[in-house]
Amino acid sequence: SSGTYAANVESAIEWLISQQSADGSLAGEASEFEAMYCHGIATLTLSEAYGMEQDPVVRQKLRAPLEQALRYAASSQLSDGGWRYLPRQPGGDMSMFGWQLMAFRSAETGASRFPKRFGNDLSGSCRVGVEDVPEDWPGIARKIRPLPP
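Remember, it's a predicted structure, so these values are computed and weren't measured experimentally.

Go over the overall build of the chain with me, naming the residues and quoting the values.
A tally of helices and strands in the chain yields 5 helices and 2 strands. Ordered by position from the N terminus, the helices and strands of the chain form the series α-α-α-α-α-β-β. The buried share of the chain, taken over its 149 residues, is 35%. Accessible surface for the chain amounts to roughly 8,900 Å². Of this, 55% is attributable to carbon and sulfur atoms.

So what about the packing of helix α2 (residues 35–52) against helix α3 (residues 56–76)? Which residues, and what values?
Geometry of a packed helix pair, given as the angle between the helix axes and the separation of the axes. Taken N-terminus to C-terminus, the directions of α2 and α3 make an angle of 145°; their axes are 9 Å apart at the nearest point. Here α2 runs over α3; the crossing is left-handed. Contacts between α2 and α3 involve Met36, His39, Thr43, Leu46, Ser47, Ala49, Tyr50 and Gly51 on the former and, on the latter, Arg59, Leu62, Arg63, Pro65, Leu66, Ala69, Leu70, Tyr72, Ala73 and Ser76. Each residue belonging to the contact of α2 with α3 can be placed in one class, and the counts come to 11 nonpolar, 5 polar and 2 charged.

I'd like to hear about the confidence of the model for the chain, residue by residue, with values.
Mean pLDDT over the chain works out to 77, with 73% of the residues at or above the 70 mark. Confidence, read as mean pLDDT per element, is least for helix α5 (residues 116–122) in the chain (39) and greatest for helix α1 (residues 6–18) (94). Contacts from residues 112–134, a stretch scored under 50 in pLDDT, to residues over four places away or in other chains number 56 contacts.

Each value, and the rule that gives it
- Residues numbered from 1 in each chain as written.
- Predicted model: local features only at pLDDT ≥ 70, side-chain atom pairs only at ≥ 80, totals over all residues.
- Heavy atoms only, no water.
- Helix = DSSP H or I, 4+ residues; strand = E, 2+ residues; numbered from the N terminus.
- Buried < 20%, exposed > 50% of the residue type's maximum accessible area, 1.4 Å probe, protein only.
- Areas by Shrake-Rupley, 256 points an atom, 1.4 Å probe, with all protein chains shown as cover.
- Axes fitted to C-alpha atoms, helices over the stretch in contact; angles between N-to-C directions.
- Left-handed = near helix turned anticlockwise from the far one by under 90°.
- Contact = heavy atoms within 4.5 Å.
- Nonpolar A, V, L, I, M, F, W, Y, C, P; charged D, E, K, R; others polar.
- pLDDT = per-residue confidence, 0-100.

In C-alpha coordinates, the structure reads:
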(Lines give C-alpha, C1' and ligand atoms only; values in the text may rest on other atoms or scores of the structure.)
Protein backbone atom coordinates (compact mmCIF):
# COMPACT_ATOMS: atom_id res chain seq x y z
CA SER A 1 0.00 0.00 0.00
CA SER A 2 3.01 2.29 -0.03
CA GLY A 3 6.02 2.95 -2.20
CA THR A 4 6.82 4.47 -5.55
CA TYR A 5 4.65 2.11 -7.57
CA ALA A 6 1.86 1.47 -5.05
CA ALA A 7 -0.81 3.21 -7.14
CA ASN A 8 0.24 1.29 -10.26
CA VAL A 9 0.13 -2.05 -8.45
CA GLU A 10 -3.22 -1.25 -6.84
CA SER A 11 -4.67 -0.30 -10.22
CA ALA A 12 -3.35 -3.49 -11.84
CA ILE A 13 -4.76 -5.69 -9.06
CA GLU A 14 -8.15 -3.96 -9.27
CA TRP A 15 -8.18 -4.53 -13.04
CA LEU A 16 -7.23 -8.19 -12.57
CA ILE A 17 -10.07 -8.72 -10.11
CA SER A 18 -12.50 -7.00 -12.50
CA GLN A 19 -11.65 -9.66 -15.11
CA GLN A 20 -12.65 -12.56 -12.85
CA SER A 21 -15.64 -14.54 -14.08
CA ALA A 22 -18.46 -15.80 -11.85
CA ASP A 23 -16.90 -19.28 -11.67
CA GLY A 24 -13.64 -17.82 -10.32
CA SER A 25 -11.58 -18.04 -13.51
CA LEU A 26 -9.06 -15.28 -14.07
CA ALA A 27 -8.36 -16.33 -17.68
CA GLY A 28 -10.39 -13.49 -19.15
CA GLU A 29 -10.76 -13.89 -22.90
CA ALA A 30 -7.73 -16.15 -23.24
CA SER A 31 -7.74 -18.78 -25.97
CA GLU A 32 -8.05 -22.47 -25.24
CA PHE A 33 -4.28 -22.92 -25.12
CA GLU A 34 -3.77 -19.90 -22.83
CA ALA A 35 -6.65 -20.17 -20.37
CA MET A 36 -5.17 -22.15 -17.50
CA TYR A 37 -1.77 -20.47 -17.89
CA CYS A 38 -3.47 -17.09 -17.53
CA HIS A 39 -5.52 -18.30 -14.61
CA GLY A 40 -2.52 -19.76 -12.78
CA ILE A 41 -0.33 -16.70 -13.24
CA ALA A 42 -3.14 -14.31 -12.29
CA THR A 43 -3.97 -16.42 -9.21
CA LEU A 44 -0.32 -16.38 -8.20
CA THR A 45 -0.36 -12.59 -8.60
CA LEU A 46 -3.40 -12.22 -6.32
CA SER A 47 -1.93 -14.63 -3.83
CA GLU A 48 1.36 -12.74 -3.67
CA ALA A 49 -0.46 -9.42 -3.36
CA TYR A 50 -2.56 -10.80 -0.52
CA GLY A 51 0.45 -12.24 1.26
CA MET A 52 2.46 -9.01 1.06
CA GLU A 53 -0.38 -6.61 1.88
CA GLN A 54 -0.28 -5.17 5.39
CA ASP A 55 -3.47 -3.08 5.28
CA PRO A 56 -6.34 -5.20 6.65
CA VAL A 57 -8.93 -3.33 4.54
CA VAL A 58 -7.03 -4.05 1.33
CA ARG A 59 -6.42 -7.66 2.38
CA GLN A 60 -10.14 -8.07 2.87
CA LYS A 61 -10.78 -6.80 -0.68
CA LEU A 62 -8.34 -9.39 -2.05
CA ARG A 63 -9.55 -12.33 -0.01
CA ALA A 64 -12.78 -13.33 -1.77
CA PRO A 65 -11.37 -13.09 -5.33
CA LEU A 66 -8.34 -15.11 -4.25
CA GLU A 67 -10.49 -17.80 -2.64
CA GLN A 68 -12.64 -17.98 -5.79
CA ALA A 69 -9.58 -18.27 -8.01
CA LEU A 70 -8.11 -21.06 -5.88
CA ARG A 71 -11.41 -22.94 -5.87
CA TYR A 72 -11.56 -22.67 -9.65
CA ALA A 73 -8.03 -24.07 -9.95
CA ALA A 74 -8.85 -26.89 -7.53
CA SER A 75 -12.00 -27.78 -9.45
CA SER A 76 -10.03 -27.77 -12.72
CA GLN A 77 -7.41 -30.23 -11.50
CA LEU A 78 -7.27 -33.69 -13.06
CA SER A 79 -7.70 -36.81 -10.95
CA ASP A 80 -4.01 -37.64 -11.56
CA GLY A 81 -2.98 -34.33 -9.97
CA GLY A 82 -2.24 -32.30 -13.09
CA TRP A 83 -3.77 -29.50 -15.13
CA ARG A 84 -4.17 -29.02 -18.88
CA TYR A 85 -5.16 -26.10 -21.12
CA LEU A 86 -8.82 -26.33 -20.13
CA PRO A 87 -10.39 -27.44 -16.84
CA ARG A 88 -10.28 -31.23 -16.46
CA GLN A 89 -8.93 -31.68 -20.00
CA PRO A 90 -7.07 -35.04 -20.13
CA GLY A 91 -3.31 -35.16 -20.42
CA GLY A 92 -1.74 -32.93 -17.76
CA ASP A 93 0.99 -30.48 -18.69
CA MET A 94 4.00 -29.97 -16.39
CA SER A 95 4.31 -26.22 -16.98
CA MET A 96 0.58 -25.78 -16.33
CA PHE A 97 0.98 -27.81 -13.16
CA GLY A 98 3.83 -25.55 -12.05
CA TRP A 99 1.82 -22.32 -12.32
CA GLN A 100 -1.14 -23.77 -10.44
CA LEU A 101 1.06 -25.27 -7.76
CA MET A 102 2.93 -21.98 -7.25
CA ALA A 103 -0.41 -20.20 -6.79
CA PHE A 104 -1.47 -22.73 -4.13
CA ARG A 105 1.92 -22.61 -2.41
CA SER A 106 1.88 -18.82 -2.34
CA ALA A 107 -1.60 -18.84 -0.82
CA GLU A 108 -0.54 -21.42 1.74
CA THR A 109 2.57 -19.44 2.68
CA GLY A 110 1.20 -15.90 2.62
CA ALA A 111 -2.35 -16.48 3.68
CA SER A 112 -1.91 -18.00 7.10
CA ARG A 113 -4.80 -15.88 8.31
CA PHE A 114 -7.36 -17.63 6.08
CA PRO A 115 -10.04 -19.49 8.00
CA LYS A 116 -9.58 -23.21 8.64
CA ARG A 117 -12.10 -24.11 5.92
CA PHE A 118 -9.75 -22.60 3.33
CA GLY A 119 -7.04 -25.08 4.18
CA ASN A 120 -9.44 -28.00 4.36
CA ASP A 121 -11.23 -27.20 1.11
CA LEU A 122 -8.31 -26.19 -1.06
CA SER A 123 -5.12 -27.70 0.25
CA GLY A 124 -6.69 -31.15 0.16
CA SER A 125 -7.68 -30.56 -3.45
CA CYS A 126 -4.13 -29.91 -4.49
CA ARG A 127 -2.27 -32.76 -2.86
CA VAL A 128 0.46 -34.04 -5.09
CA GLY A 129 3.83 -35.61 -4.63
CA VAL A 130 6.82 -36.44 -6.74
CA GLU A 131 8.57 -39.74 -7.15
CA ASP A 132 12.26 -39.69 -7.93
CA VAL A 133 13.36 -41.49 -11.06
CA PRO A 134 16.49 -43.65 -11.01
CA GLU A 135 19.66 -41.72 -10.18
CA ASP A 136 21.29 -42.58 -13.51
CA TRP A 137 18.63 -40.66 -15.47
CA PRO A 138 19.92 -37.29 -16.72
CA GLY A 139 18.26 -34.01 -15.82
CA ILE A 140 15.34 -33.47 -13.52
CA ALA A 141 12.69 -36.03 -14.28
CA ARG A 142 9.78 -36.51 -11.94
CA LYS A 143 6.47 -38.31 -11.99
CA ILE A 144 3.55 -36.41 -10.48
CA ARG A 145 1.02 -38.49 -8.57
CA PRO A 146 -1.90 -37.75 -6.25
CA LEU A 147 -1.30 -38.27 -2.55
CA PRO A 148 -3.91 -39.99 -0.40
CA PRO A 149 -6.00 -37.71 1.85
